[in-house]
Amino acid sequence: MRRPVVGVIGNAHRIENRFTVQMVGERNLRAVADVAGALPLMFAGAPEITDIGALLDVVDGVVLTGARANVHPTRFGTEPDPKHEPYDIERDDLALVADRGPCVARGVPLFGICRGLQEMNVAFGGSLHPEIREIPGRMNHRMPRLENGEIHPDHKVIFADRHEVTLVPGGAFAILLGCETIRVNSLHGQGILELGKRVVVEGVAEDGTIEAIRIADAPGFALGVQWHAEYDPQRNPINRKLFQAFGAALVAHQQQQKL
């Protein structure tokens, strides 16, 4: 059997404020390769050059990665605000269609990370809050910064476990991870406000922020996490189990396609 292939969505960036490129963080690619045991294949987060149906014919799974850009508020009926930029409209166009339609419906394993979780929720009719920390009682989920406001230079500090997540007893995540409480990193401003129609909560942070979801009645792996699970899954036991489970789902889907 050939090595499973995983489509990893790209994000729009501008280099030197002149060159438009599609990029994927290398940690996502290495997590897929090293832990899920698959071949990562970046695809452009742009619908005019990416035929999602054709893509799903050649991949065994999809990873919707985290990103600097937020899902555009008009996707869930809210007015945009410049302070919540940047946005990636073309990625929205592609990812929201992929989630809601062919990917889940065809049973192609889907793993959403950070923005990916948010896209999964919006795709099924849910909404997001652009700045979770502004809701009374919520903590600041954004990445750590220095006193002068600059992003902390040490990745070990940025990606350190910062809060607990309580998993639903007997739920998909609790079974997969073998426990009901975990600790995770936190690098996001936007988060789930109202749940989509088929979105099931699998884990919440101590302040009530939704951190883990699954898509109900999905014929295949369809899970999302708000934390950055791509960070060090080679050693982090929680993130390793998630990517290993995703890898097992890839193989299962690959075998089913041969029947």
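For the structure, check the block above.
Figured I'd write up the structure that's included with this text. Note that the coordinates shown come from a computational prediction; the quantities given were computed from them, not determined experimentally.

Parameters and conventions
- Residues numbered from 1 in each chain as written.
- Predicted model: local features only at pLDDT ≥ 70, side-chain atom pairs only at ≥ 80, totals over all residues.
- Heavy atoms only, no water.
- Pairing = 2+ DSSP bridges.
- Helix = DSSP H or I, 4+ residues; strand = E, 2+ residues; numbered from the N terminus.
- Axes fitted to C-alpha atoms, helices over the stretch in contact; angles between N-to-C directions.
- Contact = heavy atoms within 4.5 Å.
- Buried < 20%, exposed > 50% of the residue type's maximum accessible area, 1.4 Å probe, protein only.
- Arc of directions from axis to C-beta.
- Core = buried A, V, L, I, M, F, W, Y, C linked by side-chain atoms within 4.5 Å.
- Right-handed = clockwise from strand over helix to strand, strands pointing away.
- Left-handed = near helix turned anticlockwise from the far one by under 90°.
- Polar contact = N/O pair within 3.5 Å; in protein donor to acceptor, adjacent residues only side chain to side chain.
- Phe/Tyr/Trp six-rings, centres within 6.5 Å; stacked < 30°, edge-to-face > 60°.
- Salt bridge = Lys/Arg side-chain N within 4 Å of Asp/Glu carboxyl O.

1. A word on the sheet that holds strand 13 (residues 222–225)
Sheet strands pair via backbone hydrogen bonds, and the direction of the pair is either parallel or antiparallel. An order of 4-1-5-6-13-12-11-8-9 is seen for the nine strands of this open sheet, with the pairing classed as mixed. A single partner strand is all that each edge strand has here, and the edge strands are strand 4 (39–43) and strand 9 (181–184). Taken over all neighbouring pairs, the strand axes of this sheet differ in orientation by 25 degrees on average, direction set aside. Bridge count between strand 8 (residues 163–167) and strand 9: four bridges; the pairing is antiparallel. Bridging across to strand 9, Glu-164 finds its partner in Arg-183. Those strands touched by helix 7 (residues 237–258) are strand 1 (5–9), strand 5 (61–64), strand 6 (110–113), strand 9 and strand 13, and its axis lies near 155 degrees from that of strand 6.

2. With respect to helix 1 (residues 26–35)
Where helix 1 is concerned, the buried positions are Asn-28, Ala-31, Val-32 and Val-35. Projected down its long axis, helix 1 carries its buried residues within an arc of 110 degrees, all on one side. Looking one or two residues beyond helix 1, the residue adopting positive phi is Gly-37, at roughly 75 degrees.

3. Examining the nonpolar core
Of all hydrophobic cores here, the largest spans 32 residues; its most connected members are Phe-111, Trp-227, Leu-242 and Phe-243. Mapped by element, the contributors of at least two residues to this core are strand 1, helix 1, strand 6, strand 8, helix 6 (172–177), strand 9, strand 13 and helix 7. The biggest single contributor to this core is helix 7, with seven residues. Discounting residues that sit within four places of it in the chain, Phe-243 has contacts with Ala-31, Val-32, Val-35, Ala-36, Phe-111, Ile-113, Ala-229, Glu-230 and Pro-233. Counting 31 residues, the second largest nonpolar core, distinct from the first, contains Leu-55, Leu-56, Ile-192 and Ala-222.

4. Examining the pairing of strand 6
A two-sided burial pattern is seen for strand 6, the buried positions comprising Leu-110 and Gly-112 on one face and Phe-111 and Ile-113 on the other. Handedness of the strand 5-helix 3 (residues 89–105)-strand 6 crossover: right-handed. For strand 6 and strand 13, the ladder comprises four bridges, and the chain directions are parallel. Of the residues in strand 13, the one forming a bridge with Leu-110 is Ala-222.

5. Some remarks on the packing of helix 3 against helix 4 (residues 115–123)
Working note: a packed helix pair is described by the angle between its axes plus the distance between those axes. Across the interface, helix 3 lies against helix 4 with an axial gap of 8 Å and an inter-helix angle of 65 degrees. The two elements helix 3 and helix 4 meet at a crossing, and its hand is right-handed. Contact with helix 3, carried on its side by Arg-91, Asp-92, Ala-95, Leu-96, Asp-99 and Arg-100, involves Arg-115, Gly-116, Glu-119, Met-120, Val-122 and Ala-123 of helix 4 and no other residues of that element.

6. Examining the side chain of Asn-70
You can see Asn-70 is positioned in the loop between strand 5 and helix 3. A distance of 2.9 Å separates the side chain of Asn-70 from the backbone oxygen of His-84, its partner in a polar contact. When residues no more than four places from it in sequence are discounted, the contact partners of Asn-70 are His-84, Pro-86, Tyr-87, Asp-88, Arg-115 and Gln-190.

7. Section: the packing of aromatic side chains
Scanning all chains against the criterion turns up five aromatic pairs. In this structure an aromatic cluster arises from ring pairing among Phe-111, Phe-221, Phe-243 and Phe-246.

8. Some thoughts on the side chain of His-72
Counting through the fold element by element, His-72 comes out in the loop between strand 5 and helix 3. There is a polar contact of 2.8 Å between the side chain of His-72 and the side chain of Thr-74. Residues in contact with His-72, not counting those within four places in the same chain, are Pro-80, Tyr-87, Ile-89 and Asp-92.

9. Side note on the environment of Val-35
Mapped onto the fold, Val-35 is located in helix 1. With a relative accessible area of 15%, Val-35 lands in the buried category. Measuring from C-alpha to C-alpha, the distance between Val-35 and Asp-51 comes to 27 Å, with 16 residues separating the pair along the chain. For Val-35, the contacting residues outside a window of four places in its chain are Arg-30, Pro-233, Gln-234, Arg-240, Phe-243 and Gln-244.

10. Some remarks on the pattern of salt bridges
Per the stated rule, a full pass over the model turns up 14 salt bridges. Notably, a salt bridge pairs Asp-232 with Arg-235, separated by 2.9 Å at the nearest N-O pair. Bridged by salt links that share partners, the residues Arg-75, Arg-91, Asp-92, Asp-93, Arg-115 and Glu-119 form one connected network.

11. Points about the pairing of strand 11 (residues 199–205)
Each regular strand shows side chains that alternate between the opposite faces of the sheet. Pairing of strand 8 with strand 11 involves three bridges; the strand directions are antiparallel. The residue of strand 11 that forms the bridge with Leu-167 is Gly-203. Here strand 11 runs beside strand 12 (residues 210–215); their pairing, made up of five bridges, is antiparallel. Opposite Val-200, over in strand 12, you have Arg-214 as the bridge partner. Counting the residues that bridge the hairpin from strand 11 to strand 12 gives four residues, and of these Gly-208 lies at a positive phi of roughly 95 degrees.

Just distances and angles here, no functional claims.
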